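# Observations on the model geometry
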Amino acid sequence: MADHAADHPADPLGNPPVADGPWFAVSVTCTTAAAELVADVLWQAGTPAVEERAVEERAAEERAGKGPDLVILLAGFPDQAVADQAADRVAEIGGGAVRSVSVAPVLDDGSDAWREHATAIEAGPFTLVPTWVDHHPVPGRQMLLLDPGATFGSGSHPTTRLVLDALARLVEPGDVVLDVGCGSGVLAIAAALLGAEAVGIDVDPAAPEVTVANARRNRVDQFVRYDDRPLADLAEQARSEGRRYDVVVANLLSPIVVDLASDLVEVVEAGGHLVVSGLLVDRLQPMLDAVDGLGPHLAMSLVEQIEAEGWAALTFVRSAHARPDLAQPELAQPELAQPDLAQQARRTRVTP
Ligand SMILES: C[S@@+](CC[C@H](N)C(=O)[O-])C[C@H]1O[C@@H](n2cnc3c(N)ncnc32)[C@H](O)[C@@H]1O
């Protein structure tokens, strides 16, 4: 997926590499279906961020709707040799998924070039307004001012907008919301604007400062807190002290969200909701299987699936009887049965 910081393999905390010289950008044009795979290869090669852009120049057959949808992925590397290696690995992806790969030096600092084209973005009841763009409040819409800096979370990615849309329907005043992978803080701030108290966590070292600054811009800094503990620690606190959240959101890469499934569910209050995104519509099964396989005390039911531009957000509700201290796994619990999660989903299409 696009527009976000990601783990750097050399650094388990996900710190981006530091470089003094010019960066090199790997630009890949590939099918939308292969975008996640290509992004994985770029991340594994060490980029701290992958940005997704629309393809403006399309072949005639694609314009006529006869070809596959294409996207451009851009990833920066601090070193040309590493960028070349990443490009080679991407080029090895078969099946006609990759249409072109190139490596070029980033002549200016590059990372800020997108700012010139940034505009206000509508997402659910929110209008996400870049702080450097003129925008007047519109009656009935909640303005959310954002400067994502070097973090993910400008709202330009469909998954962010999907989760914002879900949050607007789920959050009630007084709820406590956990935003796992808060990036710019956009989801935590939206939750606070809806009347919740929100906690953000992330592995990106830029996230705390950016989240707090954005919360201040929206005058919800007293309701948004950054917690520098990893999710595993919060899950442990949930088990030992019963500290859980009414709504947990996790807009992460699919493999990460699948890996974290157990801890994500653990921190959800009984009767509370978990919204996960970063999932491609045609690759939902690993997440559904991960949740399905968690066992009775972590039982969740899928209550909503929403989609935009090939991406999905899934909302699960945790069984009101699912707390470890209340669970009786040996007893039949028919209300926890999940015969076919996908069938239970209410499908809604979001037009961001
Ligand atoms: C796709 S971005 C989402 C940013 C923002 N919440 C949004 O929806 O636009 C994913 C974020 O998750 C963070 N992340 C990746 N792995 C993580 C982990 N294991 N725990 C917490 N955050 C993680 C990344 O650093 C990144 O900021």
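This section reports on the structure supplied with the text. (Residues numbered from 1 in each chain as written. Predicted model: local features only at pLDDT ≥ 70, side-chain atom pairs only at ≥ 80, totals over all residues. Heavy atoms only, no water.)

### Re unusual backbone geometry
Threshold: By the criteria applied, helices consist of DSSP H or I runs no shorter than four residues and strands consist of E runs no shorter than two, each listed in order from the N terminus. Exposed residues in this analysis have more than 50% of their type's maximum accessible area, buried residues have under 20%, and partly exposed residues fall in between, with area computed by a 1.4 Å probe over protein chains only.
A positive phi angle, close to 55 degrees, is found at Arg-219, a residue other than glycine. Assignment of secondary structure puts Arg-219 in the loop between α6 (207–217) and β11 (224–226). Classification of Arg-219 by relative accessible area gives exposed; the value is 70%. In this model, Glu-309 sits at a positive phi of 50 degrees, which is unusual for a non-glycine residue. Its place among the elements puts Glu-309 in the loop between β14 (300–308) and β15 (311–318). Given a relative accessible area of 51%, Glu-309 falls into the exposed group.

### Points about the site of the ligand
Note the threshold: Throughout this document, a residue counts as near a molecule or strand when at least one of its heavy atoms sits within 4 Å of that molecule or strand. We define a polar contact as two N or O atoms separated by no more than 3.5 Å, with the added condition that, inside protein, one atom must be a possible hydrogen donor and the other a possible acceptor, whereas residues neighbouring each other in sequence contribute only through side-chain atom pairs. Only the protein chains shown count as cover for residues, and all accessible areas are computed by the Shrake-Rupley method using a 1.4 Å probe.
Around the ligand, the surrounding shell holds 20 residues, and the nearest of these are Thr-160, Gly-181, Asp-202, Asn-251 and Leu-252. Within the side chain of Thr-160, one N or O atom sits 2.7 Å away from an oxygen atom of the ligand. Between the ligand and Asp-202 there is a distance of 2.6 Å, counted from an oxygen atom to a side-chain nitrogen or oxygen. Starting from 600 Å² of accessible surface for the ligand in isolation, the protein chains cover 93%.

### Focus: the environment of Thr-29
Along the polypeptide, Thr-29 turns up in strand β2 (residues 24–31). Residues Thr-29 and Ser-102 lie 73 residues apart in sequence; the distance between their C-alpha atoms is 9.1 Å.

### Some remarks on the environment of Ala-87
Applicable threshold: Only heavy atoms enter the contact rule, under which two residues are in contact if any of them lie within 4.5 Å.
Along the chain, Ala-87 falls in helix α3 (residues 80–91). Sequence spacing of Ala-87 and Val-28 is 59 residues, and the spatial spacing of their C-alpha atoms is 8.1 Å. When near neighbours in sequence (up to four residues on either side) are disregarded, Ala-87 contacts Val-26, Val-101 and Val-103.

### Thoughts on the pairing of strand β4 (residues 70–77)
Test applied: Any two strands are treated as partners once DSSP identifies two or more bridges connecting them.
Across the eight residues that make up β4, a large majority, seven, are buried. As paired strands, β2 and β4 are joined by eight bridges and run antiparallel to one another. Residue pairing for β4: Cys-30 is matched across the bridge by Val-71. Inspection of the sheet shows strand β3 (residues 49–54) paired to β4 by five bridges, in the antiparallel sense. Bridging across to β4, Glu-52 finds its partner in Leu-73.

### What about α6?
Selection rule: Note that the arc is defined by the directions from the helix axis to the C-beta atoms.
Those residues of α6 that fall on the buried side of the exposure criterion are Ala-207, Val-210, Thr-211, Asn-214 and Ala-215. With its buried residues spanning 130 degrees around the axis, α6 presents them on a single face. In this structure, the buried residues of α6 make contact with β8 (142–146), α5 (186–193) and β11. Arg-219 sits one or two residues past α6 and shows a positive phi near 55 degrees.

### What to know about the sheet that holds strand β6 (residues 121–123)
Where strands meet in a sheet, backbone hydrogen bonds hold them as pairs that are either parallel or antiparallel. The test is simple: Simply put, an axis is a line fit to the C-alpha atoms, just over the touching stretch for a helix, and the angle between two N-to-C directions goes from 0 to 180 degrees.
With mixed pairing, three strands are arranged side by side in an open sheet as β6-β7-β8. Both outer strands of the open sheet, β6 and β8, are each paired with one neighbouring strand and no more. Between one strand axis and the next, the sheet turns by 30 degrees as a mean value, whatever way the strands run. Note that strand β7 (residues 126–130) and β8 share five bridges and pair parallel. Residue pairing for β8: Pro-130 is matched across the bridge by Leu-146. α5 contacts β7 and β8 of the sheet and is inclined by roughly 145 degrees relative to β8.

### Looking at helix α7 (residues 231–241)
Burial in α7 covers these residues: Leu-231, Leu-234, Ala-235, Gln-237 and Ala-238. Projected onto a plane normal to the axis of α7, the buried residues spread over an arc of 160 degrees and lie on a single side. The outward face of α7, more than 90 degrees from its buried face, is lined by the exposed residues Ser-240 and Glu-241. Where α7 is buried, its residues touch β9 (176–180), β10 (197–201), β12 (245–251) and α9 (261–266). Just past α7, the residue Gly-242 takes up positive phi, approximately 75 degrees.

### Notes on the pattern of salt bridges
Our working rule: Here a salt bridge means any side-chain nitrogen of Lys or Arg lying within 4 Å of a carboxyl oxygen belonging to Asp or Glu.
Under the definition given, this model contains ten salt bridges. Ionic pairing is found between Arg-229 and Asp-227, a salt bridge with its closest N-O pair at 2.8 Å. Residue Asp-227 is classed as buried on the basis of its relative accessible area of 5%. Note that Arg-239 is salt-bridged to Glu-266, the shortest N-O span being 3.4 Å. Of the two residues, Arg-239 is situated in helix α7 and Glu-266 in helix α9; the sequence distance between them amounts to 27 residues. Arg-239 gets classed as partly exposed once you look at its relative accessible area, which sits at 42%. Salt bridges sharing common partners tie together Glu-236, Arg-239, Arg-244 and Glu-266.

### Looking at the packing of helix α1 (residues 35–44) against α3
Formally: Here the angle decides the label: under 35 degrees means roughly parallel, over 145 means roughly antiparallel, 65 to 115 means roughly perpendicular, and every other value means oblique. For any helix crossing, the convention is left-handed if the near helix is rotated counterclockwise from the far helix by under a right angle, and right-handed if that rotation is clockwise. Basically, the charged four are Asp, Glu, Lys and Arg, the nonpolar ten are Ala, Val, Leu, Ile, Met, Phe, Trp, Tyr, Cys and Pro, and anything else, Gly included, counts as polar.
One can describe the packing of α1 onto α3 by two numbers: an axis separation of 9 Å at closest approach and a directional angle of 150 degrees. Considering their axes alone, α1 and α3 lie roughly antiparallel with respect to each other. When you trace α1 past α3, the crossing you get is right-handed. On α3, the residues touching Val-38, Val-41, Leu-42 and Gln-44 of α1 are Ala-86, Arg-89 and Val-90. In terms of residue class, the contact of α1 with α3 is built from five nonpolar, one polar and one charged.

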